[in-house]
Amino acid sequence: MLDLAYLQTRPKQTALLKAEYADFVVKERLGYEMSGEGEFVAVKIRKTNANTLFVGEKLAAFCGVSVRNMSYAGLKDRHAVTEQWFSIQLPGKPTPDFSQFKLDGVDILAVTRHNRKIRIGSLDGNEFEILLRDAVETDELKVRLKNLQILGFPNYFMEQRFGRDGHNLTQAMAWAKGEIQVKDRKKRSFYLSAARSEIFNLVVSKRIEMGLACQVLAHDIVQLSGSHSWFVADENEDLNQLQVRLENRDILLTAPLIGDNPPSACELENAVVSEHQALHQLMQQERLKSARRPLLMQAENLSWQFVDEGLKLAFYLPSGSYATALVRELVLTE
């Protein structure tokens, strides 16, 4: 991650991130209401220094069902205070008395019924409240905050995606070169995700290095804001007109999540992808579908306040974007 380009240059200040659990608060926003009826029991919890899967396993055991009957929308950071929903499938059974559920670091916030399973990825995004301890109010940091509000930040995949010490990426490389075989389904998924994320990050970083993170190029693949629809910026089109739409945030530049049948993109992107043929061939072998992801991300409802302890941030990010990628543009973290 240290080698990836900064949109605003490398920060000068250092601050402490997650010095205490309460310094990093995440609240899940599903984007839909619970139906109040159905075969699934929906449980909203607040957890502190607790692993999502571990909590889910304990909820399933409390309900007397297999962990296969438990689900959630997304993994949440352990070293934080997080709020999220779980669903437990209990067809024809009464809702258990969760006042009897006891687990260190876990509070039950709400219990209801729902007519559908809460599936991984079925969330709009997350609200964050972050304290960067020891951050000092300087002109440099205030300019960074203003620029962050206007320009956004590189939509990088962060360390969590690559496993401890980049293990998932290392294994993906070995798999791509034929040095290992990977049969475990979960490991296959982790390794493929890490490989795609690496190439996405490299494309984004290269565009930033070349001063092209906010410039529409011929054959760029752009996404309509608020949609997953995209189209290619044909060289016969008026790129100036597309540039105006980009500056008005009507469209977004994207970078690739490589797959088996990628569309041709701008020369810069094609050049980066072609440097990683082994990983690309692995995606084709595993028949992963090509996808796109916004190059830059804009935090919604971004606000900040300097306090005695440091800098307090509050903002919302759509599912899949990393709060630590935003923080990276402001301070160097310890």
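Residues numbered from 1 in each chain as written. Predicted model: local features only at pLDDT ≥ 70, side-chain atom pairs only at ≥ 80, totals over all residues. Heavy atoms only, no water.

A look at the side chain of Q223
Next, step 1: Note that Q223 resides in strand 9 (residues 221-224).
Next, step 2: Among the residues examined, Q223 registers a relative accessible area of 8% and is labelled buried.
Next, step 3: Among the polar contacts listed, one links the side chain of Q223 to the backbone oxygen of S227, at a separation of 2.8 Å. (Helix = DSSP H or I, 4+ residues; strand = E, 2+ residues; numbered from the N terminus. Buried < 20%, exposed > 50% of the residue type's maximum accessible area, 1.4 Å probe, protein only. Polar contact = N/O pair within 3.5 Å; in protein donor to acceptor, adjacent residues only side chain to side chain.)

Some thoughts on the packing of helix 4 (residues 185-209) against helix 6 (residues 267-274)
Next, step 1: Orientation of helix 4 relative to helix 6, taken along the N-to-C sense of each, is 140°, at an axis distance of 10 Å. In this view, helix 4 runs oblique relative to helix 6, as classed from their interaxial angle. Judged by the sense of rotation from one axis to the other, the crossing of helix 4 with helix 6 is right-handed. Contacts between helix 4 and helix 6 involve I199, L202, V203, K206 and R207 from the former and L268, E269, V272 and V273 from the latter.
Next, step 2: Its residues placed into classes, the contact of helix 4 with helix 6 shows 6 nonpolar, no polar and 3 charged. (Axes fitted to C-alpha atoms, helices over the stretch in contact; angles between N-to-C directions. Parallel < 35°, antiparallel > 145°, perpendicular 65-115°, else oblique. Left-handed = near helix turned anticlockwise from the far one by under 90°. Contact = heavy atoms within 4.5 Å. Nonpolar A, V, L, I, M, F, W, Y, C, P; charged D, E, K, R; others polar.)

Topic: the pairing of strand 11 (residues 251-257)
Next, step 1: Within strand 11, 6 of the 7 residues are buried, which leaves the element mostly enclosed by the surrounding structure.
Next, step 2: Pairing of strand 9 with strand 11, which is carried by 3 bridges, proceeds in the antiparallel orientation. Paired with V222 across the strands is L253, a residue of strand 11.
Next, step 3: As judged from the 4 bridges shared by strand 11 and strand 12 (residues 291-294), these two strands associate in the antiparallel manner. The residue bridging A255 from the neighbouring strand is R293, located in strand 12. (Pairing = 2+ DSSP bridges.)

Description of the packing of aromatic side chains
The geometry of an aromatic ring pair is captured by the separation of the ring centres together with the interplanar angle, meaning the angle of the planes.
Next, step 1: On inspection of all chains with the given rule, the structure shows 7 aromatic pairs.
Next, step 2: Each ring, one from F24 and one from F128, has its centre 6.1 Å from the other, and the planes form 70°; the classification is edge-to-face. Placement of the pair is F24 in strand 2 (residues 24-29) and F128 in strand 7 (residues 125-133), with a sequence separation of 104 residues.
Next, step 3: A relative accessible area of 4% means that F24 is categorised as buried.
Next, step 4: For F128, a relative accessible area of 8% corresponds to the buried category.
Next, step 5: Where F62 meets F98, the ring centres are 5.3 Å apart and the plane angle is 40°; that geometry is what we call tilted. Taken as a pair, F62 in helix 1 (residues 52-63) and F98 in the loop between strand 5 (81-89) and strand 6 (106-114) lie far apart in primary sequence, 36 residues in all.
Next, step 6: On the basis of relative accessible area, F62 is assigned to the partly exposed category, the value being 30%. (Phe/Tyr/Trp six-rings, centres within 6.5 Å; stacked < 30°, edge-to-face > 60°.)

Examining the sheet that holds strand 10 (residues 230-232)
Next, step 1: Here we have 4 strands laid out as an open sheet, ordered 10-9-11-12, and antiparallel in their pairing. Strands at the two margins of the open sheet, each flanked by one partner only, are strand 10 and strand 12. Strand-to-strand twist across the sheet, computed as the mean angle between neighbouring axes with direction ignored, equals 45°.
Next, step 2: This element, helix 4, spans strand 11 and strand 12 of the sheet and lies at about 135° to strand 11.

What to know about unusual backbone geometry
Next, step 1: One non-glycine residue with positive phi stands out, namely D165, at about 55°.
Next, step 2: Inspection of the secondary structure assignment puts D165 in the loop between strand 8 (153-154) and helix 3 (167-176).
Next, step 3: Even without a glycine there, the phi angle at N301 is positive, about 55°.
Next, step 4: Structurally, N301 can be placed in strand 14 (residues 300-307).
Next, step 5: For N301, a relative accessible area of 60% gives the class exposed.

Details of the side chain of R113
Next, step 1: Within the fold, R113 resides in strand 6.
Next, step 2: Lacking a salt bridge, the buried R113 has E39 as its closest oppositely charged neighbour, with an N-O distance of 8.1 Å.
Next, step 3: Engagement of the side chain of R113 in a polar contact is seen with the backbone oxygen of L90, the distance being 3.2 Å.
Next, step 4: Polar contacts involving the side chain of R113 include one to the main-chain carbonyl oxygen of K93, which spans 3.2 Å. (Lys, Arg positive; Asp, Glu negative; His and termini not counted. Salt bridge = Lys/Arg side-chain N within 4 Å of Asp/Glu carboxyl O.)

In short, shape yes, function no, at least from these values alone.
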